[in-house]
Structures are given as structure tokens and as C-alpha cells.
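# Examination of the molecular architecture
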Amino acid sequence: CLNGLRHTRLRLCKMGTLTLSLAILAPGNALLPMRARRLAPARVSMDYMNPTAGGNMGGPAASTKSQILTESPSGKKQDFLEASPYWDQATVPVNTWKNKSPYTAKVVSCKRIVGPEATGETCHIIFDHKGEMPYWEGQSYGVLPPGTNPKNGKPHTVRLYSIASSRYGDDMSGQTSSLCVRRATYWDPEMGKEDPAKKGVCSNYLCDSKPGDDCKMTGPSGKVMLMPEENSKTDYIMVATGTGIAPYRGFIRRLFTETTPAGEAYQGTAWLFLGVANSDALLYDEEWQAVLAKHPDNFKLDYALSREQSNSKGGKMYIQDKVEEYADDIFKRLENGAVMYFCGLKGMMPGIQDMLRGVCAKKNIDYDEFIAKLKKAGQWRVEVY
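Let us look at the structure shown here.

## Regarding the pairing of strand β10 (residues 214-221)
With six of eight residues buried, β10 is to be regarded as a mostly interior element. Sheet analysis places strand β5 (residues 140-144) next to β10, joined by four bridges and oriented antiparallel. Of the residues in β10, the one forming a bridge with V143 is M217.

Structure, rendered in C-alpha cells:
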């Protein structure tokens, strides 16, 4: 019976019964239906490491810093990079490293984290910054790709990427950071193939990186997406499309995976909405499922899979449709001080805004006044690109 399994993959995919039954039995907790597939790179296992149980959950790791800890090592807390008190944002690092004097980080690992049927390639890249490029959850790094712009002969300009790890890094050492990057390519219908001249310079540079490669980085930058942690009962409603998941991964690891002052004090609900095309395009699903299993009272998870699900009107399920399903609950939480975040492609916002405008109309709420009030109170935070 699938009733009541709102937060699992079972409810998220409207597939045939046989396909679904086979998919959920796939090894490695990966959703890989047993059907014919085109030849494509497979999802690479992440170097997940349970420090308490011992042993690597994703195969042999290239180095300790490439491991992604699934919980704090026994007896150790992640409290050595905190402000005093921990929620005080007066000392948030900003623009420590600038375009003219960037930091040179080392690539620790670069792994494809989507399945063969995903729309495009997304990679998780871990960098070693030796603790010299500290940041907070919700901030961004700038990356300076090598080479020059063929249009003007000048060095490539900086590209910003939301950091996809907590301030302690995936290995919880405080010396690494991670980015979640989708390779930008352009399919030319006339050529019948990808046009290399129009591919994304920086995303391809990052997705092609190898362990040991140097990477020039700037930042960290931004304060819009920080978590206000003073009130430990604050609900965080996190809405993402694709790689917009990056800052929320840092939030969730800080609150639930690591042993941090913020996590130990937290009594609210962190609610994650992720919109992607299909099951193979889901990002970090293993991590979300693990958090959900351990913290069902404080973590909620909902996916919008546009090519596998239908909305209430019979159309494709986009992120705004999934959020609308819980409009009453979300509005109630916002009235009680919840902070709502949006991160991803800027094309997501018109649909979100139209949906919220419609909900406000049904509730006899002035939409413009409602949003203005949320912005003034710091409850409406947007970072789109």
C-alpha cells in the first residue's frame, strides 16, 4: 500500500506498477527502473562514510577529504567555527578573497551525481581550502575559469556558485567546501549535436576537473540566504529547482547531520521542496532520506518531478504545483514566522508568484502587501540565476 508515504520515492513517481516495484529494489538506494536505457554515464556513488559504524558506504575513497560523513564522529562536535553566540551574524566572512587576488583551492574529487536518464549532467565537486576560505551556509563562491574570452581576448570573468556544504565541509574538518554544478551545454538542432562553441565555460571546466587540479576562487559572498538561527523554533521552507538545492544542503547538514550548536538547539521544521525533471535527476536523495528517517518530526521532503508526475489539473508537476498542494500549511507557518527560501533558475519565480497570488486571492489576502511584509521581516529570501 502506498498511502501515507508522502515523503518517499514511492509517492513521487507515477510509473507502472512493475517498473516501480523493480525500481525500489535497486541497489545503493538508487531509483533505476529495469527498462531499456540509452547508453549514458551512470550515477557515481558518493563517498559516504559512517564514522560510527566504520566503513565506506560508497566504495573506496580517493582521500579522507573526499569522504562525506553521514554523522558526526563519536564524541566530536562541530562547534569550532561558530560565532559567539552561534547565531550572531556580525562576523560572517564576506569577500575574503577577491578577483584580483583569488584563493587557489585544490580539487579533492569531482563526481557525477545523477542517473543516466537525467536531463543533463550534474556533478558534486569537493575542494580543499585548508581552512583559509571560511564561509557560512547560504553563501556563494566565485570561480575564475582559466583562459580568455574569445570575444574580447580578456581573462574569463568570475562565475558565482552557491556553496553546497556546511561551513565544516563534507568531511567535517572545516577545511573543505563543495559545489553542485550542472554542465551547461547547447544542442544545435541544425548540427544534430552539441555545439562546443556554445558550452558553458565555467561549468564544463568544473565538471571536467580532476583531483589535484588548482581552482581559483573568490568570496565567500552574500548574506541573503543565511539562516536566522536566534529563534531555534523557526521553520525553514526551502524551495529549489535543480542545482538550487546547494545552499539547502548546507542548512540540512548543519541542522541534522552534524553536531552543531544550531542543530542541538533546533526545534522547528525544515521543509525541502525540490523540482527536477525525473527520478534520475534527483540530487542528494540518499542524504534527504537518511535525515527524514532520523528526524521525521523536524524534516519534511517533497519532490516535483515534471516528467513523471501530474498536478491536480492533469498537467506536468512543476515546483509551484507541489508547493500549492500545501498552501494552507505553508501560509500558516509564514504567519508564525517561517522563513521561505527560493533558489534555482530565475524562470521558477513567475510560476511561484502566480501560484501564490492565486492562493492569496482565495484567502482574501492582498498579495503585494503580504510579500512586502515577508520581505521586511526577512522571511522571503530569493537567489535565482
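Back to the write-up after that little detour.
## Examining the pattern of salt bridges
Under the definition given, this model contains 20 salt bridges. As a salt-bridge pair, E137 and R167 come within 2.8 Å of each other at their nearest N and O atoms. Within this pair, whereas E137 is found in the loop between β4 (122-128) and β5, its partner R167 is found in the loop between β6 (159-162) and β7 (176-182), the two being separated by 30 residues in sequence. Taken individually, E137 and R167 each receive the classification buried, so the pair is uniform in this respect.

## Structural notes on the packing of aromatic side chains
Counted by the stated rule, this structure contains 16 aromatic pairs. For the ring pair Y236 and Y341, a centre distance of 6.4 Å and an interplane angle of 50 degrees mean the geometry is tilted. With a gap of 105 residues between them, Y236 in strand β11 (residues 236-241) and Y341 in strand β14 (residues 339-344) connect regions that are remote in the sequence. Using a relative accessible area of 0% as the deciding quantity, one classes Y341 as buried.

## Describing the sheet that holds strand β13 (residues 299-305)
Read from one edge of the open sheet, five strands run β13-β12-β11-β14-β15, paired in parallel fashion. The open sheet has two edge strands, β13 and β15 (380-384), and neither has a second partner. Within the sheet, the average angular offset between the axes of one strand and its neighbour, ignoring direction, is 10 degrees. Across five bridges, the pairing between β11 and β14 is parallel. The partner of A240 across the bridge, within β14, is C343. Packed onto the sheet, helix α4 (residues 246-257) meets β11, β12 (270-276), β13 and β14 and runs at close to 145 degrees relative to β11.

## Points about unusual backbone geometry
In this chain, S84 is followed by P85 through a cis amide linkage whose omega measures -5 degrees. The omega torsion of the bond from G219 to P220 falls at 0 degrees, within 30 degrees of zero and hence cis. If you trace the backbone, P220 turns up in strand β10. At K130, a residue that is not glycine, the phi angle is positive and equals roughly 55 degrees. Relative to the helices and strands, K130 resides in the loop between β4 and β5. One non-glycine residue, M172, lies in positive phi territory at about 60 degrees. Tracing the sequence through the fold places M172 in the loop between β6 and β7.

Each value, and the rule that gives it
Residues numbered from 1 in each chain as written. Predicted model: local features only at pLDDT ≥ 70, side-chain atom pairs only at ≥ 80, totals over all residues. Heavy atoms only, no water. Buried < 20%, exposed > 50% of the residue type's maximum accessible area, 1.4 Å probe, protein only. Helix = DSSP H or I, 4+ residues; strand = E, 2+ residues; numbered from the N terminus. Pairing = 2+ DSSP bridges. Salt bridge = Lys/Arg side-chain N within 4 Å of Asp/Glu carboxyl O. Phe/Tyr/Trp six-rings, centres within 6.5 Å; stacked < 30°, edge-to-face > 60°. Axes fitted to C-alpha atoms, helices over the stretch in contact; angles between N-to-C directions. Contact = heavy atoms within 4.5 Å.

Limitation: the analysis is restricted to geometry and does not speak to function.
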